[in-house]
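# Coordinate inspection notes
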Amino acid sequence: MRRKVATRWLAGGATVVAGAVVALALQVPNASAATNLSLGAGADGSSKASGTSYGNVIDGNASTYWSPSGSTGTVSVKWGSATTVSSAVIVQASGGGSISGWQLKNHDTGSVLASGSSAPSTINFSSTSLKKISFVITSGSGTPRIAEFETYSSGGSNPTPTSSPTSGPTASPTSSPTPGPTGNPGTPTGAWPSSAGSVSISGTVSVSGTFDGGMKTYCCIGDGGQGESQDPMFKIANGGTLQNVILGSPAGDGVHCEGTCTLRNVWWNDIGEDAATFKQTNGGTSYIIGGGARNGSDKTFQHNGNGTVSISGFYLKGSGKLYRGCGNCSTSHTRHVRIDNVLVDDIDMLAGINSNWNDTATITRVVVIGSATICGKYKGVPKGSEPSYLGEGWNDANCKVNRSDVTFR
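Residues numbered from 1 in each chain as written. Predicted model: local features only at pLDDT ≥ 70, side-chain atom pairs only at ≥ 80, totals over all residues. Heavy atoms only, no water.

### What about the overall build of the protein?
Within the protein one finds zero helices and 28 strands. Classification of the 409 residues of the protein by burial places 56% in the buried group. Residue pairs in contact within the protein that sit at least 24 positions apart in sequence constitute 65% of those at least 6 positions apart. (Helix = DSSP H or I, 4+ residues; strand = E, 2+ residues; numbered from the N terminus. Buried < 20%, exposed > 50% of the residue type's maximum accessible area, 1.4 Å probe, protein only. Contact = heavy atoms within 4.5 Å.)

This is how it looks when you write it as structure tokens:
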């Protein structure tokens, strides 16, 4: 019988794993090629709800936010001199209304840089020199909440690997964490990152705040199989971020997000049971930005809670599904997934959703090597039963994807 190893929270984001204290790095990575240009800039907008501030979208703190006074409005980032920008990341805070229409504008000229009909995450556009850029919510429900309006001149780069591995978790955070991709993951190519060393763990690592793994390989728990009772390698608290980590094999049940979370530049050498499970019940959005996974037989990302999972810049090689909204969990939810700018190779299905629960999959810029079902519809059922497969959907109320959005190779 596999022994469960207890974990508990400590002040400052440390956790006890098998009796040893593992300190978690809570710093944001230092600036690299993908510097968030919004940090240190100014901000303004058209209106703001009581208790919110324009400055909250440029403070690097995802727990603060700006809201318009109604369901629509504008928030802008501005600089004292012309600044070249080629991408933006919109991070929504949980608990607010939804966005159903938006534009990203060059405020200097009024030209529209990009637009969409569902809440965005990473927005790429032609490199533009400007002094002010505006995110305009043109339609929505309730009062949307924008936690961060990040801007970038270019994508990030993987950290340079080091030559000497470590035998165990770092005893304390490093003063200068290894830089990695931030908002813009770039276009996935199928290249796999080099490991910067090895970290041996014997139980679940609990993460609060931001944990930067420095591109080391963390290993190993579980048996590498599909058993439903395996512990996760990482458990992320609500609002937490895991970044620049390689999960070795076996990786148990991968990563558990207890609330909304961000997984940035995270790589799974072997998917095992699931790469990550999203348990949020606050109606917010969790983000997978960059990274990749391989060697899976079933699901890669399992969505058990509610709200939205956003996947961008991701590479998947050899798996059943990239995403599956749970079809027979103890609590039924309406779930949404946004998939953009991904490369998949040798998989069965990109997204599996439950159309009878009004799930949606919004899919753009997908490259498929081989063949795959893009958006599979299921009939969700109570726990204890098995969902039935209803067929593939294209450009309808549940499967928001056109055939032109998918390239088969």
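Let us keep going from here.
### Quick look at unusual backbone geometry
The phi torsion of most residues other than glycine is negative, and most of the peptide bonds are trans. Omega for the bond connecting Cys 219 with Cys 220 falls within 30 degrees of zero, at 5°, which places this linkage in the cis form. In this model, Asn 265 sits at a positive phi of 55°, which is unusual for a non-glycine residue. Considering the arrangement of structural elements, one finds Asn 265 in strand S16 (residues 262-268). With a relative accessible area of 3%, Asn 265 lands in the buried category. Residue Asn 341 is not a glycine yet carries a positive backbone phi of 60°. Along the chain, Asn 341 turns up in strand S23 (residues 335-354).

### Examining the state of the cysteines
Disulfides are covalent bonds that connect the sulfur atoms of two cysteines. As enumerated under the stated definition, the model contains four disulfides in all. What pairs with Cys 219 in a disulfide is Cys 220, and their sulfur atoms sit 1.2 Å apart. Looking down the S-S bond of the Cys 219 and Cys 220 bridge, the torsion is 75°, so its handedness is right-handed. Between the sulfur of Cys 375 and that of Cys 399 lies a disulfide, 2.1 Å long from S to S. Disulfide Cys 375-Cys 399: torsion about the S-S bond near -75°, hence left-handed. On the criterion of sequence distance, the pair formed by Cys 375 in strand S25 (residues 373-379) and Cys 399 in strand S27 (residues 399-400) is long-range, its members being 24 residues apart. Judged on exposure class, the residue Cys 375 and its partner Cys 399 are both buried. (Disulfide = S-S within 2.5 Å.)

### Brief notes about the packing of aromatic side chains
What the rule picks out here adds up to twelve aromatic pairs. A ring pair is formed by Tyr 218 and Phe 234, whose centres lie 5.5 Å apart and whose planes are at 65°; its orientation type is edge-to-face. Taken together, the positions of Tyr 218 in strand S12 (residues 210-219) and Phe 234 in strand S13 (residues 234-236) put the pair 16 residues apart, joining distant regions of the chain. Judged by its relative accessible area of 0%, Phe 234 falls in the buried class. Seen from their ring centres, Phe 301 and Phe 314 are 5.1 Å apart, and the 65° between their planes marks the pair as edge-to-face. Within this pair, whereas Phe 301 is found in strand S20 (residues 299-303), its partner Phe 314 is found in the loop between strand S21 (307-312) and strand S22 (315-325), the two being separated by 13 residues in sequence. We note that Phe 301, like Phe 314, is buried. (Phe/Tyr/Trp six-rings, centres within 6.5 Å; stacked < 30°, edge-to-face > 60°.)

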